[in-house]
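Observations on the model geometry
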Amino acid sequence: SGLGAQIDFIVITAKIIFLIECKNLVGNIEIDSNGAFIRTIFYGHTKQKEGIYSPITQSQRHYEVLKEARIETSNWLKGISIKYNFSSFYKPLVVLANPKTIVNDRYAKKEIKQQVIRADQLVATIKDMVAHSKELPSSKKEMIAMLLAGGQGSRLGVLTSKVAKPAVAFGGKYRIIDFPLSNCINSGVDTVGVLTQYQPLRLNTHIGIGIPWDLDRNIGGVTVLPPYEKSTNSEWYTGTANAIYQNLEYMESYNPEYVLILSGDHIYKMDYEVMLDFHKANNAEVTIAVMPVPMEEASRFGIMIADENHRITEFEEKPEHPRSNLASMGIYIFNWKLLRKMLLADMKNQDSNHDFGKDIIPTMLNDGRKLYAYKFKGYWKDVGTIDSLWEANMDLINNKNELDLNDDSWKIYTEDTTVLPQYVGPTAEIERAFINQGCVINGKVKNSVLFTGARVGEGAQIIDSVLMPGVEVEEGAVVTRALVADGVKIGKNAVVGSADSEHIELVSKRVKGDE
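Scope of this entry: the structure provided in the associated data block. Treat the numbers as computed from the prediction; the structure is a model and nothing was measured. (Residues numbered from 1 in each chain as written. Predicted model: local features only at pLDDT ≥ 70, side-chain atom pairs only at ≥ 80, totals over all residues. Heavy atoms only, no water.)

With that settled, consider the nonpolar core. Formed by 93 residues in total, the largest nonpolar core has its most connected members in Met270 and Ile331. Tallying contributions element by element places helix 10 (residues 386-395) first for this core, with five residues. Excluding residues within four positions of it along the chain, Met270 makes contact with Asn183, Ser187, Met275, Ala289, Met329, Ile331, Tyr374, Phe376 and Trp410. Residues Tyr237, Leu326, Phe334 and Leu343 belong to the second largest nonpolar core, which totals 36 residues. (Core = buried A, V, L, I, M, F, W, Y, C linked by side-chain atoms within 4.5 Å. Buried < 20%, exposed > 50% of the residue type's maximum accessible area, 1.4 Å probe, protein only. Helix = DSSP H or I, 4+ residues; strand = E, 2+ residues; numbered from the N terminus. Contact = heavy atoms within 4.5 Å.)

Shown next, in the form of structure tokens:
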């Protein structure tokens with residue numbers, strides 16, 4: 001017949017609606033998520049040929065409603081539209097191209113009924129295509145991640161005066177948040193909400209649309225979620241649970257089975273899929289990742305006691321006198337429906353701190369909920385202090401380093417800066433060091449980590465130290481057991497730090513040297 005038609009299909013709840021536009025006729029075919037035929041509706045002509053044919057009553061208005069719904073749904077799916085040309089399959093519907101078949105007379109019902117039967121035959125072909133298609137857009141996700149990245153990190157001093165703690169540089173070229181984001185994509189979690197608050201500019205710029213982590217997805221991907229003004233009120237995130245609560249609508253749009261809640265300020269590599277398998281195997285309602293810490297540091301963490309089956313029996317948030325050293329890593333898997341219920345109830349409690357460690361977890365234990373401890377055995381570091389951040393960087397140059405950034409099976413991804421390769425001059429001496437691109441080395445570097453663009457002058461010595469991006473150490477200067485902040489300049493023959501100091505020296509301002 002030469003009739004061509006284009007079908008766009010989009011997912012709306014449990015139905016797939018095929019929007020049909022054949023020349024000047026518009027309608028739709030509906031099938032359910034299993035491909036079973038529901039019904040066919042034809043709205044009539046989009047144009048009326050004056051004096052010849054009478055369109056179906058209000059067909060133009062119906063068409064506009066359909067068109068509007070289509071635009072709204074496409075926006076909801078972030079513009080995704082999968083298109084197929086079924087011109088060869090439309091021959092049974094050729095009669096619809098003839099406006100005489102849809103006129104307001106006694107033959108109309110008979111003709112339309114015939115076409116609905118023929119449309120049902122067409123659906124059989126479409127059903128087969130749907131059954132074998134891997135391209136169907138769906139917003140349903142088994143597990144999504146909510147990454148808490150709004151912390152100030154005040155113990156890091158000047159390093160977090162202008163950036164949030166998760167945006168602090170680490171390991172020569174990375175930022176702390178690269179680790180949980182890379183863990184997500186490596187674990188098959190492709191939908192991540194990043195909750196930002198304090199000094200978000202650097203963090204937002206770094207994340208962008210998620211390209212380095214393959215999270216630039218049309219359905220899912222990474223979404224930055226700052227606090228926002230609502231019609232009834234406006235408030236900052238007042239606790240970890242409150243931050244998640246304020247983004248219920250985001251989570252509801254994916255209707256997941258499970259929600260993974262992460263902290264954005266730890267250095268580690270973890271397969272969240274293995275943790276999810278543990279959660280399912282124990283029929284848990286909440287699973288908390290834990291690991292043993294030195295007893296003298298236990299009071300910094302949420303501490304729990306678990307039985308021989310890993311079920312949590314007691315939990316204390318940062319206890320003054322801990323009775324266990326099993327510490328929460330700030331990584332939770334919740335059953336989504338229960339999490340939603342708990343958050344709604346917690347927000348109604350005026351005495352609550354709206355915090356997972358202080359309120360949500362203790363309440364669930366008191367209610368007899370099934371909470372399990374997932375014991376993590378890999379590398380994990382809370383880099384909340386200058387000393388711990390320095391230690392984590394130093395771990396990278398250890399031959400027995402558990403973090404192993406060279407592991408091709410579990411890569412850590414980041415935004416790649418466009419700078420020149422490193423340059424090692426003829427007077428340079430290098431012994432066990434991480435030296436990133438853009439560095440210029442003319443002096444001695446021993447047991448140190450140098451970030452992008454660091455410069456070491458002739459005769460200068462960098463020993464057991466970390467130089468953040470853009471640091472310049474001039475001729476003859478000596479830097480020992482120090483962490484030098486971004487862009488700081490250390491003058492000629494200046495001396496910074498000491499080999500026998502108890503703590504790492506943070507150098508945050510220019511150090512003058514010889515003129």
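There's more to say after this.
Quick look at the pairing of strand 13 (residues 286-292) now. Counted residue by residue, strand 13 has six buried out of seven residues, so it is predominantly covered. Of the strand pairs in this sheet, strand 13 and strand 16 (residues 326-335) are connected by six bridges, and their pairing is antiparallel. The partner of Ile288 across the bridge, within strand 16, is Tyr332. Here strand 13 runs beside strand 17 (residues 371-375); their pairing, made up of five bridges, is parallel. Counterpart to Thr287 in the pairing with strand 17 is Tyr372. (Pairing = 2+ DSSP bridges.)

Bringing unusual backbone geometry into the picture now. Phi at His310 is positive, roughly 75 degrees, even though this residue is not glycine. Note on placement: His310 falls in the loop between strand 14 (302-306) and strand 15 (312-317). Backbone geometry places Asp464, a non-glycine residue, at a positive phi of 50 degrees. Along the chain, Asp464 turns up in the loop between strand 24 (461-463) and strand 25 (466-467).

What follows is about the side chain of Asp178. When you line up the elements, Asp178 lands in helix 3 (residues 178-186). Despite its burial, Asp178 pairs with no opposite charge, the nearest such side chain being Arg175 at 6.5 Å. Engagement of the side chain of Asp178 in a polar contact is seen with the side chain of His206, the distance being 2.7 Å. (Lys, Arg positive; Asp, Glu negative; His and termini not counted. Salt bridge = Lys/Arg side-chain N within 4 Å of Asp/Glu carboxyl O. Polar contact = N/O pair within 3.5 Å; in protein donor to acceptor, adjacent residues only side chain to side chain.)

One open sheet accounts for five strands, arranged 19-21-23-26-29; its pairing is parallel. Where the open sheet ends on each side, the last strands, each with one partner, are strand 19 (423-424) and strand 29 (489-490). As defined by bridge partners, strand 19 adjoins strand 21 (residues 440-441) across two bridges and the pair is classed as parallel. Bridge assignment links Val424 to a residue of strand 21, and that residue is Ile441.

Counted under the stated rule, the structure contains eight aromatic pairs. Measuring from centroid to centroid gives 5.6 Å for Phe170 and Phe179, while their planes differ by 75 degrees, and the two rings are edge-to-face. Classification of Phe170 by relative accessible area gives buried; the value is 0%. Phe179 sits in the buried class, given a relative accessible area of 0%. (Phe/Tyr/Trp six-rings, centres within 6.5 Å; stacked < 30°, edge-to-face > 60°.)

What follows deals with the side chain of Gln246. If you trace the backbone, Gln246 turns up in the loop between helix 5 (240-245) and helix 6 (248-252). Looking at Gln246, the relative accessible area reads 5%, which means it is buried. A polar atom in the side chain of Gln246 sits 2.9 Å from the side chain of Asn242.

A full pass over the atoms with the stated rule returns 13 salt bridges. Among the ionic pairs, Lys280 bridges to Glu142, the shortest N-O distance being 2.6 Å. With Lys280 in helix 7 (residues 272-281) and Glu142 in the loop between helix 2 (108-132) and strand 6 (143-148), the pair connects residues that are 138 residues apart, well separated along the chain. Residue Lys280 is classed as partly exposed on the basis of its relative accessible area of 37%. Judged by relative accessible area, which is 42%, Glu142 ranks as partly exposed. Between Glu285 and Arg369 there is a salt bridge, and its shortest N-O distance comes to 3.0 Å. One end of the pair, Glu285, is in the loop between helix 7 and strand 13; the other, Arg369, is in the loop between helix 9 (356-366) and strand 17, and 84 residues separate them in sequence. By relative accessible area, which is 16% here, Glu285 ends up buried. Members of the salt-bridge network, linked through shared partners, are Lys165, Asp265, Glu297, Arg300 and Asp382.

This is a description of form; function is not addressed.
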